[in-house]
Amino acid sequence: MPANHATRPLGRTGIHVLPLGIGTNKWRRANRGAVLETYRTIHDAGPCMIDTAEIYFSERVVGDCLRAAGPTRAVIASKFLPLPGRISPRRLIGALDGSLARLGLKTIDLYYVHYPLPLIDVGVFAEGLVEAVKSGKARAVGVANFNADQMRRIADHLARAGVPLAANQVNYSLLRRAAEANGVLEACRELDVALVAYFPLASGRLTQPSDSMNTKALLTCLANIAGAHDASISQVALNWLLACDSHVIPIPGATKPHHARANLDALGWRLSEAEFDAIDRASAKSGT
């Protein structure tokens, strides 16, 4: 069971980030003052990955934070939205240019393809991602919501051009463990690619006790362990993900500074093997 190290690598790119990042898909609707203080909180913590996407409409908000706070240690990630008729390398680079303008950056740290398209060869995306790196517009590139086979194929395309696949961002939590069963986590290990876990708190369902029959046993287990560590249920759930594998980097959302601080506090301690196993069993019983 891996320890919660100070940083974790984004694959073989040479970029290292805090083991916990932050999702910003709710920042565009949140109070701007609170969002700026949230940004400053994670900025002060170290190289925290800030995840956005053109479809979230939060890139401008992230850009405003970057401009207001000055030079940053944060690692900025955004995503290209592939749509029918928008799948050429030229379209990807054009979208990247738009993201850079909204963020106020010349180079983004990590640029993803948001999801695969049926019947579209991943090589089309790979060509655009390679150009993003070779042009200096992106330091690293990744994919999101790709299955294990798609991951391997695009990693192979990228490798031929000397570009490593940095990450695959997928839905992963104690209530959504498909990445373990469908081979994505194993592919991340095999390829040395980061698994960036979105919805690591299951859209809030892992933040407080519940009477739901499907989750009651798991949440009771989390609450008992939280009490032993003077921690919150969400901190225990995040700690479990961190302990699963050193390739896993959860990105819980936060729109207020105290939420960001609470998430980051999951890094200051680790579960015992007995506690990890107890949560694992309770999660399995919840039907994930």
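First things first, this report covers the structure right here in the doc. (Residues numbered from 1 in each chain as written. Predicted model: local features only at pLDDT ≥ 70, side-chain atom pairs only at ≥ 80, totals over all residues. Heavy atoms only, no water.)

1. Digging into the overall build of the protein chain
Counting its secondary structure elements, the protein chain contains eleven helices and ten strands. For the protein chain, the C-alpha radius of gyration of 18 Å lies close to 19 Å, the compact-globule estimate for 288 residues. The principal-axis extents of the C-alpha atoms in the protein chain amount to approximately 50 × 40 × 30 Å. Across the 288 residues in the protein chain, those meeting the buried criterion constitute 54%. Put simply, of all contacts in the protein chain between residues at least 6 apart along the chain, 80% involve residues at least 24 apart. (Helix = DSSP H or I, 4+ residues; strand = E, 2+ residues; numbered from the N terminus. Rg over C-alpha atoms; globule rule 2.2 N^0.38 Å. Buried < 20%, exposed > 50% of the residue type's maximum accessible area, 1.4 Å probe, protein only. Contact = heavy atoms within 4.5 Å.)

2. Some points on helix H3 (residues 89-103)
Here H3 is 15 residues long and its end C-alpha atoms lie 21 Å apart, about the 21 Å a rise of 1.5 Å per residue gives. Restricting attention to buried positions, one finds in H3 the residues Pro89, Leu92, Ile93, Ala95, Leu96, Ser99, Leu100 and Leu103. The buried residues of H3 occupy an angular sector of 160° when projected down its axis, which confines them to one face. Opposite its buried face, H3 presents the exposed residues Arg90 and Ala101, each directed more than 90 degrees away. Against the buried residues of H3 lie helix H2 (59-69), strand S5 (75-80), strand S6 (108-113) and helix H4 (122-134). Among the residues trailing H3, glycine 104 stands out with phi positive, at a value near 75°. (Expected span 1.5 Å × (residues − 1). Arc of directions from axis to C-beta.)

3. Comments concerning the side chain of aspartate 51
Among the structural elements, aspartate 51 can be located in strand S4 (residues 49-51). Here aspartate 51 is in contact with Ile22, Gly23, Thr24, Tyr56, Ala77, Lys79, Tyr112, Gln169 and Ile251, once residues within four sequence places are set aside.

4. Digging into the pairing of strand S7 (residues 138-144)
Counting buried positions along S7 gives six out of seven residues, so the element sits mostly inside the fold. Where S6 and S7 come together, five bridges link them in parallel fashion. When the bridges of S7 are listed, tyrosine 112 appears paired with glycine 142. Of the pairings in the sheet, the one linking S7 to strand S8 (residues 165-171) comprises three bridges and is parallel in character. (Pairing = 2+ DSSP bridges.)

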